[in-house]
Amino acid sequence: MINSDWFLDLLSAEAEKLIDKLKERPQYVLDVPQDWWITSLPKPLNEKTVVYAVDGGGGIQPLAGGGAIYVARAFAYAPNQEPERLLELRFYPTRDTRVLDVLRSWLEHRVAIRVVLKKQPPVLLIDGSYRATLLTAIATIYRAASSHPHTLSVLYAALLSMELLITVEELARLAFENNVAIAYISKDHAYRVLKEKILLETIAQAKPRLRKLIEQALAWYPLGEREKLLAIRRELEIRERSLLDAALDMSYRDAQFIVDTIGVTIGFTLPLRVPPPYQLHKISTYVGLKRIVERLCSNIEKYLGDNEASICWTNADRLVTALDQLPAPLFTYVRLDPNDTPLLVEFFASPGSIHSPGRILEEPSETIERVLAALVRDYAGPDYYNIPLIAAHLNATLSGSQMAAYMRLLENLAAARGLQLKFARRSIIGHKLGRVKKRRILH
């Protein structure tokens, strides 16, 4: 059979028609203000200044007959410093990586609190997204508090999520009290919060009659009033219609928008306070945080038992306080190299701002500039975007061979105490190790 492409002639004909159509379409998407981008970076942090980085890892070992052993660990790294470490070994009568994720995140924040209290570094970096951590935990609690929870997994994950949110609020409070700059760092992110704000506000400036609708849409994230915005599309002129199309395109995200708009310039965005989802606002306003927590503990008591219920009721008031006092996420995108994609850096906004509507651009504070100076200092290219974070990742991540060794040790210790453990199948590893070449930085 001849390996040839039978469609090239059809492609050529279609390409000519498409090119003619594109020539008629003005390219207005990038015609937006750029006052949200600062085209410079702070000077690198002093080499002697210690920066800690936190990451975690874990795995699940299923048991024959059901249930599983969960291993989670967290590690706080700083060059030439004694690390902070935590490890938890748990049994749950369910196998679910969501339970492992919450357990690991809880340990990471507990280790972070240890660093703040014992080391009080000027900068502490945490791998991951603050907003994702918050909303995943809150959503888990809401699902478990519903009248008909469907799985044991969501109940155990909710119980851990309670402790996670209490710990996060404590960490934020301690950071403010001790002047520790805490930032969550994400290399891979898929938010659209900045893009939507810039594009829609540009439309509002050109069409003042749409300002109220656009303010209502931007009051929450994800974007509200999408149907109403789509309904006005045909009324707009070509430029504003292009901006609206880009704003409503859910596959067009902040990172690509920054690249398209700014080009290859290094720098960072003004900090943007990110509001909660409208659903979270509605539930907390009309149902009430206390009632949600009481429903959760009632379900824990009904479906799990007295021990778990005691933990839930003990933490109930603390969780209500934490949910009320948690800071909103403050987003900053930073590009440290012209050839690299922007990093997402998340900070704590003011305490209690988690429920506040509106996407508000702020001036960069001293805390933010301190973190950016640390990122500039410890950047070594796209593969080594932050040396302390990569080192923390390598030390915290649980490999398959380590998990197997842990389970052999557990099996031997159990046998010595007269308990025979029967493992069902190979273990499930969470938070897997990144690219192998990252190992080189430690040699």
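Small disclaimer: the values here were computed from a predicted structure and weren't measured.

Trainee: I'd love a proper account of the overall build of the protein, names of residues and values included.
Mentor: Counting its regular elements, the protein contains 15 helices and twelve strands. Expected size for 443 residues packed as a compact globule is a radius of gyration near 22 Å; at 25 Å, the protein falls within 12% of this value. Based on the C-alpha atoms only, the size of the protein along its principal axes is roughly 80 × 65 × 55 Å. Across the 443 residues that make up the protein, the buried fraction comes to 52%. Surface summary for the protein: the accessible area is close to 21700 Å², and the carbon and sulfur share equals 52%. Averaging the locations of the 56 positively and 50 negatively charged side chains of the protein gives two centres separated by 4 Å.

Trainee: Break down the nonpolar core for me, citing the residues and quoting the values.
Mentor: Grouped burial of nonpolar side chains is what soluble globular proteins tend to show. Membership of the largest hydrophobic core comes to 69 residues, with the highest contact counts inside it found for Leu124, Ile141, Leu165, Leu171, Ile182 and Leu296. By size, the runner-up hydrophobic cluster in this structure holds 35 residues, among which are Trp36, Ile198, Tyr333 and Leu344.

Trainee: Could you give me a rundown of the pattern of salt bridges, with the residues and numbers involved?
Mentor: If the charged atoms of two oppositely charged side chains come close together, the side chains can form a pair. Counted under the stated rule, the structure contains 21 salt bridges. Of the charged contacts in the structure, one is a salt bridge between Arg370 and Glu366, with a shortest N-O distance of 2.8 Å. One end of the pair is Arg370 and the other is Glu366, both in helix 13 (residues 366–377) and four residues apart, which spans about a single turn. On the basis of relative accessible area, Arg370 is assigned to the buried category, the value being 10%. Through salt bridges with shared partners, a single network forms among Glu84, Arg114, Lys118 and Lys119.

Trainee: Please give an account of the pairing of strand 3 (residues 68–77) that cites residues and values.
Mentor: Burial within strand 3 is extensive, with ten of its ten residues counted as buried. In strand 3, alternate side chains face the same way, and those of Ala68, Tyr70, Ala72, Ala74 and Ala76 on one face and Ile69, Val71, Arg73, Phe75 and Tyr77 on the other are all buried. The pairing of strand 2 (residues 51–62) with strand 3 spans ten bridges and is antiparallel. Bridging across to strand 3, Pro62 finds its partner in Ala68. Counted along the chain from strand 2 to the antiparallel partner strand 3, the turn is five residues long, and its residue Gly65 has a positive phi close to 90°. As paired elements, strand 3 and strand 4 (residues 84–92) share nine bridges and run antiparallel to each other. Its bridge partner lying in strand 4, Tyr70 is registered against Arg90. Taking the residues between adjacent antiparallel strands as the criterion, strand 3 and strand 4 are bridged by six residues, where Asn80 takes a positive phi near 60°.

Trainee: Pulling in residues and values, what's your account of unusual backbone geometry?
Mentor: In this structure, Pro222 follows Tyr221 across a cis peptide bond, with omega equal to 10°. For Pro222, the location among the structural elements is in the loop between helix 6 (211–218) and helix 7 (226–231). Residue Asn80 is not a glycine yet carries a positive backbone phi of 60°. Looking at the element boundaries, Asn80 is found in the loop between strand 3 and strand 4. Not every positive phi belongs to a glycine, and Asn179 is a case in point at roughly 55°. If you trace the backbone, Asn179 turns up in the loop between helix 4 (152–178) and strand 6 (181–186).

Trainee: How would you explain the pairing of strand 2 if you had to name every residue and give the values?
Mentor: A large share of strand 2 lies buried, amounting to twelve of its twelve residues. The alternating pattern of strand 2 places Val51, Ala53, Asp55, Gly57, Gly59 and Gln61 and Tyr52, Val54, Gly56, Gly58, Ile60 and Pro62 on opposite faces, both of which are buried. Relative to strand 5 (residues 123–127), strand 2 runs parallel, the two sharing four bridges. By the bridge assignment for strand 5, Ala53 is matched with Leu125. Here strand 2 runs beside strand 12 (residues 428–430); their pairing, made up of three bridges, is antiparallel. In the sheet register, Gly59 faces strand 12, and the bridge partner there is Ile429.

Trainee: Could you give an account of helix 13, naming the residues involved and the relevant values?
Mentor: An α-helical turn contains 3.6 residues, so a residue and the one three or four places further along point in the same direction. With twelve residues, helix 13 should reach 16 Å at 1.5 Å per residue; the first-to-last C-alpha distance of 16 Å fits that figure. For helix 13, the complete set of buried residues consists of Ile368, Arg370, Val371, Leu372, Ala373, Ala374, Leu375 and Arg377.

Trainee: Help me get a handle on the state of the cysteines, residues and values and all.
Mentor: Among covalent bonds in proteins, the disulfide is the one between the sulfur atoms of two cysteines. Within this structure, the stated rule accounts for one disulfide. A sulfur-sulfur distance of 2.2 Å marks the disulfide that ties Cys297 to Cys312. Between Cys297 and Cys312, the S-S torsion sits near -85°, and that sign places the bridge as left-handed. On the criterion of sequence distance, the pair formed by Cys297 in helix 11 (residues 289–303) and Cys312 in helix 12 (residues 306–325) is long-range, its members being 15 residues apart. For Cys297, a relative accessible area of 0% puts it in the buried group. Accessibility expressed as a relative area gives 0% for Cys312, which makes it buried.

Trainee: Can you tell me about helix 10 (residues 278–286), naming the residues and giving the values?
Mentor: Among all positions in helix 10, only Leu280, Ile283 and Ser284 are buried. Considered in projection along helix 10, the buried side chains sweep an arc of 95° and stay on one side of the axis. Along its buried surface, helix 10 packs onto helix 3 (130–144) and helix 11. Just downstream of helix 10 lies Gly288, where phi reads positive at about 100°.

Trainee: Residues and numbers for the side chain of Thr202, please.
Mentor: Considering the arrangement of structural elements, one finds Thr202 in helix 5 (residues 193–206). With sequence-adjacent residues up to four places away left out, Thr202 is seen in contact with Asp31, Val32, Pro33, Arg239 and Leu243.

Trainee: A description of the side chain of Thr332 should follow, citing residues and the corresponding values.
Mentor: As for its position among the elements, Thr332 is in strand 9 (residues 329–335). When near neighbours in sequence (up to four residues on either side) are disregarded, Thr332 contacts Phe268, Thr269, Pro271, Leu343, Leu344, Val345, Phe347 and Ile368.

Rules behind the numbers
Residues numbered from 1 in each chain as written. Predicted model: local features only at pLDDT ≥ 70, side-chain atom pairs only at ≥ 80, totals over all residues. Heavy atoms only, no water. Helix = DSSP H or I, 4+ residues; strand = E, 2+ residues; numbered from the N terminus. Rg over C-alpha atoms; globule rule 2.2 N^0.38 Å. Buried < 20%, exposed > 50% of the residue type's maximum accessible area, 1.4 Å probe, protein only. Areas by Shrake-Rupley, 256 points an atom, 1.4 Å probe, with all protein chains shown as cover. Lys, Arg positive; Asp, Glu negative; His and termini not counted. Charge placed at Lys NZ, Arg CZ, Asp CG, Glu CD. Core = buried A, V, L, I, M, F, W, Y, C linked by side-chain atoms within 4.5 Å. Salt bridge = Lys/Arg side-chain N within 4 Å of Asp/Glu carboxyl O. Pairing = 2+ DSSP bridges. Expected span 1.5 Å × (residues − 1). Disulfide = S-S within 2.5 Å. Arc of directions from axis to C-beta. Contact = heavy atoms within 4.5 Å.

By themselves these figures say nothing about function.
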